[in-house]
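Residues per chain are reported as follows:
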Amino acid sequence: MAGEGEEALAAFVALHGAALRASRVPSRYWESLSRKLRGEVFDAGDYFGIMQVEEVDEEEEVDEEMEEQFKKKPNPGNGPCFKVIVTNENGLQASNPDSVFLIDHAWTYRVEHARQQLRRVPGLLHRMANLMGIAFHGEVPDEGSIEQVLQEMWKYNQTYQLSQGTAEEKVPVWYIMDEFGSRIQHSDQPSFATAPLFYMPQQIAYTILWPLRDLETGDEVTRDYAHGETDRLIRKCVLLPWVPTEVVDVSCFTPEPPDEHYQAILAENKEKLPLVINPPVYAKDKVFKVFTDIQQVLNNLTHPRFVFTDNEGEADILYNFSHFKDYRKLSEERPEVMVNQFPCENLLTVKDCLASIARRAGGPDGPRWLPRTFNLQTELPQFISYFQQRDRRGEDNHWICKPWNLARSLDTHITNNLNSIIRHRESSPKVVCKYIEEPVLFEREDVGLVKFDVRYVVLLRRTRPLQLYSYDVFWLRFSNRAFSLDDLDDYEKHFTVMNYAPGVTLKQVHCEDFIPLFEKQYPEYPWTTVQASIFKAFAELFQVASSKPAPLGICDYPSSRAIYAIDLMLKWDTSRDGRRIMQPQILEVNFNPDCDRACQYHPTFFNDVFSTLFLDETDNCHVARIV
């Protein structure tokens, strides 16, 4: 039997040891934890009880200190106040290997599915309402109760991410612990620690609970809701969902980060900057050998000055889908070889970096062509102050929360709930951008006035002097439902990326057809004028992105060339002279974009791209020079 136990423990540690170490679960508990998980042993009831804390009657006289204590009611939510206490008559010893407990999860979901599950899963809304102290009558889910749960759930949510799988499968999972786990209160000096664990044999996540010290009968079970945060101001901000407070005295000024910030990004990316080289010179009739792993290039590049090779060592051009890292070696050994990337181009393509460098153009508030953006990892107090100041002034406070480095709107959420934004910071690194509350809309005959965005493909040939082109054709994406500032989790109303969602209508309009339709709807705004303001924004973006030496800016490497897709929207704004204008809003810059639609409709697309980037020949190419 002992042998079987040892084998089971070894297998358990092989699967879960890394996660347990990362969560700092003491190894003395691992064997008991393995046994309890295998047998689904939920024995917390033998050691703990839930106690309801009596509220003070409003008519009773209480001293000021006591009143202040009751204002700081520990329970999240609106309902009765509960505490979890040790009920075992022998207390609990932290040194006991069995002093580890499983907490079940009452609800596990991804945010975009929450409303639908509350509507459809039998008993779920009723259980969540009871758990959160929300009055719920009857059996049929009603929208009012659902909305309350969606607002309150951020005080109960916990999160984890799967480390493997598709991009969709890696989107953070949120969960609410059962009634026992959800009633464990916060303390700055907690008596217990918790951590989620995804138990692979069952494919189920649990929360593990273990003591941080010995406890006696009647002692309270608490955990630190801001675990790991040591900075006092950040802790205050992180705890705001449970301990409401104002931070309007914090300046919402967000200057560009210091140089060390960019040095750290370079180190984290493991990118090696190139040596200084002389710009390579090629014969006028040279035929370039291209090494690429991009099928769209292989299928569509037919220009006679380019031929493909399977030998990377003999290539004149490396056109890779994945990020290139060792520019130093390339510059030392093969400086004449051109590459389809620039060192430090992540300053454009990663959302937090984009917001940082943009401040060079518009100061701490950023330029007019970028929505006001905060990095939730480094600028949380400034954001909360800005949010609360806008709230005081009665200004619109809808925000969009985005991961730094995911595309296709994955894990992107629109909300006016401050608690939601603060908690989203826990799942993955995110920025929060002011949601465009007054976008320029497009009239769809079948739907009404909808949001749309525009994608331009830009070609960067060099940074000093800046040489930037735009492909003549742009692409459009439309929402499927009429726009309004409600139903914030209605994807087809608030988002435009429909080509990845199964069973969702994809509205396509070619730019040549779009322009006359747009100008008919907005006769005072000819597209040539709108596009001129778009190109002006692009020029400013690339100027600031290359205005400082690497790693503070895009590296001026003479053998680099690149293609990017810039997604933007238009919003209504007022010019300095009081005119109503359409102001471009750059949403993101994409590295190595999917050019499938471009190739379908424009067979010469990659011929034009390669001619512009690598031959510096733009005659008869469908490109316009921006800078």
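Heads up: the structure comes first, above all this text.
Just so it is clear, the structure is predicted and the values come from calculations on it, not from any experiment. (Residues numbered from 1 in each chain as written. Predicted model: local features only at pLDDT ≥ 70, side-chain atom pairs only at ≥ 80, totals over all residues. Heavy atoms only, no water.)

Caption draft 1: Structural detail: the overall build of the protein chain. A tally of regular secondary structure across the protein chain gives 20 helices and 26 strands. Against the globule reference of 25 Å for 627 residues, the protein chain gives a C-alpha radius of gyration of 28 Å, in line with a compact fold. Expressed as lengths along the three principal axes of its C-alpha atoms, the size of the protein chain is roughly 90 × 65 × 45 Å. Per-residue burial for the protein chain yields a buried fraction of 53% across its 627 residues. Partitioning the contacts of the protein chain with sequence separation of at least 6, the portion at a separation of at least 24 is 70%. Here the protein chain displays about 29,700 Å² of accessible surface, and carbon together with sulfur accounts for 49% of that area. Between the averaged position of the 67 positive side-chain charges in the protein chain and that of its 94 negative side-chain charges there is a distance of 6 Å. (Helix = DSSP H or I, 4+ residues; strand = E, 2+ residues; numbered from the N terminus. Rg over C-alpha atoms; globule rule 2.2 N^0.38 Å. Buried < 20%, exposed > 50% of the residue type's maximum accessible area, 1.4 Å probe, protein only. Contact = heavy atoms within 4.5 Å. Areas by Shrake-Rupley, 256 points an atom, 1.4 Å probe, with all protein chains shown as cover. Lys, Arg positive; Asp, Glu negative; His and termini not counted. Charge placed at Lys NZ, Arg CZ, Asp CG, Glu CD.)

Caption draft 2: Representation of helix α6 (residues 143-152) within the structure. Taken as a whole, α6 has its buried residues at Ser145, Ile146, Val149, Leu150 and Glu152. Residues of α6 that are buried in the fold lie against β4 (105-109), α4 (114-120) and α5 (124-132). Here α6 starts with a cap whose side-chain oxygen sits 3.2 Å from the backbone nitrogen of Gly144, and that cap is Asp142. (Polar contact = N/O pair within 3.5 Å; in protein donor to acceptor, adjacent residues only side chain to side chain.)

Caption draft 3: Spatial organisation of empty space enclosed by the protein. Inspection of every chain in the model, using the stated rule, returns four cavities of 30 Å³ or more. What the largest cavity holds in volume is close to 90 Å³. Only α13 (351-362), β18 (430-434) and β25 (580-591) provide two or more residues apiece to the lining of the largest cavity. Among the elements that make up the lining of the largest cavity, the one with the highest residue count is α13 (three residues). For the lining of the largest cavity, the class distribution of residues is eight nonpolar, one polar and two charged. (1 Å grid on protein atoms, 1.4 Å probe; cavity = no way out; pocket = protein on both sides within 12 Å on 5 of 7 lines; lining within 4 Å. Points joined across faces, edges and corners; volume = space filled by probe spheres on them. Nonpolar A, V, L, I, M, F, W, Y, C, P; charged D, E, K, R; others polar.)

Caption draft 4: Up close: the environment of Val339. Following the sequence through the fold, Val339 ends up in strand β14 (residues 338-339). Residue classification places Val339 among the buried residues on the basis of a relative accessible area of 0%. Sequence separation of Val339 and Asp178 is 161 residues, and the distance between their C-alpha atoms is 54 Å. Aside from chain neighbours lying at most four places away, what touches Val339 is Leu318, Phe324, Tyr327, Leu330, Ser559, Ser560 and Arg561.

Caption draft 5: Here's a closer look at the side chain of Ser99. Positionally, Ser99 belongs in the loop between β2 (81-86) and β3 (101-103). Reaching out from Ser99, the side chain makes a polar contact with the backbone oxygen of Gln93 at a distance of 2.8 Å. Apart from the residues lying within four places of it in its own chain, the contact partners of Ser99 are Tyr29, Leu92, Gln93, Leu209, Trp210 and Pro211.

Caption draft 6: Structural detail: the packing of aromatic side chains. One pass over the full model with this rule turns up 52 aromatic pairs. Seen in terms of ring centroids, Tyr160 and Tyr175 are 5.8 Å apart; in terms of plane orientation they differ by 45 degrees. Their pairing is tilted. Placement of Tyr160 in strand β5 (residues 157-160) and of Tyr175 in strand β6 (residues 173-177) is noted, with a sequence separation of 15 residues between them. For Tyr175, a relative accessible area of 2% translates into the label buried. Here Phe324 and Tyr327 contribute two aromatic rings whose centre-to-centre distance is 5.1 Å and whose plane-to-plane angle is 65 degrees, an arrangement assigned as edge-to-face. Tyr327 shares its class with Phe324; the two are buried. We note Arg183 situated over the ring of Phe82; from NZ or CZ to the ring centre the distance is 4.0 Å. Residue placement shows Arg372 over the ring face of Tyr386; its charged tip is 4.9 Å from the ring centre. (Phe/Tyr/Trp six-rings, centres within 6.5 Å; stacked < 30°, edge-to-face > 60°. Lys NZ or Arg CZ within 6 Å of the ring centre and 35° of its normal.)

Caption draft 7: Summary view of the packing of α13 against helix α18 (residues 527-545). One can describe the packing of α13 onto α18 by two numbers: an axis separation of 8 Å at closest approach and a directional angle of 100 degrees. The angle between α13 and α18 places the two elements in the roughly perpendicular class. Contacts between α13 and α18 involve Leu354, Ile357, Arg360 and Ala361 on the former and, on the latter, Glu540, Leu541, Val544 and Ala545. Looking at the contact of α13 with α18 residue by residue, the classes come out as six nonpolar, no polar and two charged. (Axes fitted to C-alpha atoms, helices over the stretch in contact; angles between N-to-C directions. Parallel < 35°, antiparallel > 145°, perpendicular 65-115°, else oblique.)

Caption draft 8: Here's a closer look at helix α20 (residues 605-615). α20 sits mainly inside the fold: 11 of its 11 residues count as buried. Looking at α20, one finds that the buried residues are Phe605, Phe606, Asn607, Asp608, Val609, Phe610, Ser611, Thr612, Leu613, Phe614 and Leu615. Where α20 terminates, the next one or two residues include Asp616, which has phi positive at roughly 60 degrees.

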